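# A closer look at the structure
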Amino acid sequence: MATAAPPKSAVDRKLTLKEVLDWLVEDGLIEKEVASKIIQDSRYVRGGAKHPFVIIAEANIRSPVQRNNVVNPEGLTVWLAARMHIPFMHVDPLKIDLKSVTQVMSAEYAQRRGILPTEVKGNEVTIATCEPFMTSWEAELSQMLRLKIKRVLASPLDIERYQGEFFNLAQSMKRAEASGVPTSGLSNFEQLVELGKAGRNLDANDHHIVHLVDWLFQYAFDQRASDIHLEPRRDVGILRFRIDGVLHEVYQVPYTVMVAMTSRIKILGRMDVVEKRRPQDGRIKTRTVTGEETELRLSTLPTAHGEKVVMRIFDPEVLQRDFKDLGFTKEEHEMWQSLIKSPGGILLVTGPTGSGKTTTLYTTLKQLATSEVNVCTIEDPIEMVDPRLNQMQVQTEIDLTFAAGVRALMRQDPDIIMVGEVRDLETAEMAIQSALTGHLVLSTLHTNDAPSSISRLLDLGVPAYLLTSTLIGIMAQRLVRTLCPNCKEKIPFQREEDHALWHSVCAPFKAAPPTEVYRPVGCVECRNTGFRGRVAIYEILPMTPDVKKVVGAGGDIPAITQAAYKAGMRPLRVSGATKVALGMTTFEEVLKSAPLA
């Protein structure tokens, strides 16, 4: 591991497969026999145009090069960078200013030299390469740019991919901007007047704009984004992705380009492109990078500087998920199963926006929607189309509300009804009437916890006796970020504050503290956040006779909560503590979503 960086005066040459394998054997990372087999295999000999890291990764060997024991080009690059004392860089497009880096060199030069500019800062430019012995371009570039060159090693796959993406995107942006008119510093009305005077504007169907919007969608899918935000400012537009519940800025585009991209998206969503004064909703059906069909729900909002667009991406795997994938423990799954098997009554799922209620309901309906029953839904909007369900969209402009929709569904011979949300007394009354006539009704509420849902329904004006006769159970839920399996680190559970926190949260429920927990570290897989993905925590309140008795007697929330605990309900924090003990998340994440009372 003592190999030094190659001298600047060395003759340019590419890494060879043999020398890389020899170094891996020397460092004890693969067996000599494995290296010999890769060399001898004609399949790999013919792949001379490929980078050695790609060839080794394709051999499907396992070694301790990475924490997860899987050899891939990025892991090999990390190893070689440390061996040769060259800084390693994971190319994260969300952190790169494409406009500045693509002005450093042409796409042709970058491809010819096998390099990628990644950052321009002061008098220094960072250039990524996957060939440590190719160095002549450094002096050449430094002289041309009059900048100091900082060379880093990056995965050959990243360099190959982003050489095309970065320069193509920047070129489309530049050409799109050149065909528009400057609008910097103008207000909304002034912009419209000036564009009208000029007689030209960016065309939403211009192939550069089409390319930018297509890139935006595919890039969002690739980054596991749940939402895409297009936010206009005075003279620029900001693109942001929500990933694992956190917003990340992706790119800043010129204002005229943002307007054209918004128009393109509205055309795809079959929305009124001319109408910019009122909010609109739409939908787009497209395909992910893996070819799966997915849908985006669009929402536009007029702001001080133009139309803001938010697109919610519906994961096509939602309808294929099982309860175990959602985060249900064995006990929670058994309790929920006992509730949904009731022949009639009301089941509520509660939580704030973005807490996974829709996913839970669709997973439940997927199980219930057999060929023997008629499952009907009234939604606003229909978030995921499923052929097993009869789904209806709320349309307030023609007075098709949730209540009117449930009234219509009652004449459709339903067995199970899903109401998107109980927002008012009329909807609550129709849901109760459906339950009283023997139907199973599932719906959502926006409340902090399960016991608060009863209080909310009583506040709406629902009589307590109707609640006790129709309500089967309530489930509150939240989403917490899960630790990255590639880099999470095991630590002993020994800090006094951790034990005190565990005792205050879990002692009343006789949950023993763990001996070990995990903490976030950060790696390239999780974008150095330490977290990757999210999982739900649950609080299930079954309406037992004792709970009904308290509700019927006009009990307040604390009284209902105590009765629920005796009936078997475990609060959100205890469900989260269970996930902490299983090594899935941290106490800090749980307390963000379910703070101590």
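Residues numbered from 1 in each chain as written. Predicted model: local features only at pLDDT ≥ 70, side-chain atom pairs only at ≥ 80, totals over all residues. Heavy atoms only, no water.

The line we're drawing: UniProt positions are given in the numbering used here, feature names are shortened, and annotations may be inferred rather than shown by experiment.
Under an unreviewed UniProt entry, the name given to the protein is Bacterial type II secretion system protein E domain-containing protein, and the organism recorded is Usitatibacter palustris. Taken from UniProt, the Sequence similarities (unreviewed entry) comment for the protein reads in full: "Belongs to the GSP E family."

### Things to note about the sheet that holds strand β3 (residues 148–153)
Either a parallel or an antiparallel arrangement is found when strands of a sheet pair, and the pairing is made through backbone hydrogen bonds. So the rule is basically this: One requirement defines pairing of two strands: DSSP has to find at least two bridges between them. By the criteria applied, helices consist of DSSP H or I runs no shorter than four residues and strands consist of E runs no shorter than two, each listed in order from the N terminus. To obtain each axis, a line is fitted to C-alpha atoms, and for helices this fit is confined to the stretch in contact; angles are then taken between N-to-C directions over 0 to 180 degrees.
In spatial order, the strands read β1-β2-β3; together these three strands make up an open sheet with mixed pairing. Edge positions in the open sheet fall to β1 (115–121) and β3, since each of these has one partner strand only. Across the sheet, the mean angle from the axis of one strand to that of its neighbour is 25°, orientation sign disregarded. Judged from the six bridges that link them, strand β2 (residues 124–129) and β3 form a sheet pairing that is parallel. The residue bridging Ile 127 from the neighbouring strand is Arg 151, located in β3.

### So, the pattern of salt bridges
What counts, and what does not: Each reported salt bridge corresponds to a side-chain nitrogen of Lys or Arg within 4 Å of a carboxyl oxygen of Asp or Glu. Think of it in three bands: with a 1.4 Å probe and only protein chains considered, a residue is buried below 20% of the maximum accessible area for its type, exposed above 50%, and partly exposed in between.
In this structure the tally under the stated criterion is 25 salt bridges. A salt bridge links Arg 283 to Glu 295; the shortest N-O distance between them is 2.4 Å. In this pair, Arg 283 is assigned in strand β7 (residues 280–287) and Glu 295 in strand β8 (residues 293–303), connecting sequence segments twelve residues apart. Salt-bridge contacts for Glu 516 lead to Lys 490; the nearest nitrogen and oxygen are separated by 3.7 Å. Here Glu 516, found in strand β17 (residues 516–519), pairs with Lys 490, found in strand β16 (residues 489–492); they are 26 residues apart in sequence, far enough to count as distant. We classify Lys 490 as partly exposed; its relative accessible area is 45%. Residues joined by salt bridges that share partners form a network here, namely Glu 26, Asp 27 and Arg 83.

### A short note on unusual backbone geometry
One non-glycine residue, Arg 146, lies in positive phi territory at about 55°. Position of Arg 146 relative to the elements: it lies in the loop between α8 (136–145) and β3. The phi torsion at Arg 270 lies on the positive side, around 55°, for a residue other than glycine. Summarising the element assignment, Arg 270 is placed in the loop between α12 (255–268) and β7.

### Some words on the sheet that holds strand β15 (residues 471–483)
Put simply, the rule is: Note on contacts: a residue pair is in contact if any heavy atoms of the two residues lie within 4.5 Å.
Reading across from one edge, β12-β11-β13-β14-β10-β15-β18 is the order of the seven strands in this open sheet, with mixed pairing throughout. If you trace the sheet from one side to the other, it starts and ends with β12 (390–393) and β18 (531–542), each paired once. Taking the axes of each pair of neighbouring strands and ignoring which way they run, one obtains an average angle of 20° across the sheet. Two elements, strand β11 (residues 375–379) and β12, share four bridges in a ladder whose sense is parallel. Directly across from Cys 376, in β12, lies its bridge partner Asn 390. Across the sheet, helix α17 (residues 425–436) is in contact with β10 (345–350), β13 (416–419) and β14 (440–445); its angle to β10 comes to roughly 135°.

### A few points about the pairing of strand β5 (residues 236–243)
Remember that side chains alternate between the two faces of the sheet whenever the strand is regular. Sheet topology note: the strand β4 (residues 227–232)/β5 ladder contains six bridges and is antiparallel. Counterpart to Leu 230 in the pairing with β5 is Leu 239. Linkage of β4 to β5, two consecutive antiparallel strands, is achieved through a turn of three residues. The pairing of β5 with strand β6 (residues 246–254) spans eight bridges and is classified as antiparallel. Its bridge partner being in β6, Ile 243 is matched across the sheet by Val 246. The hairpin formed by β5 and β6 contains two residues between the paired strands, and Asp 244 there has a positive phi angle of roughly 55°.

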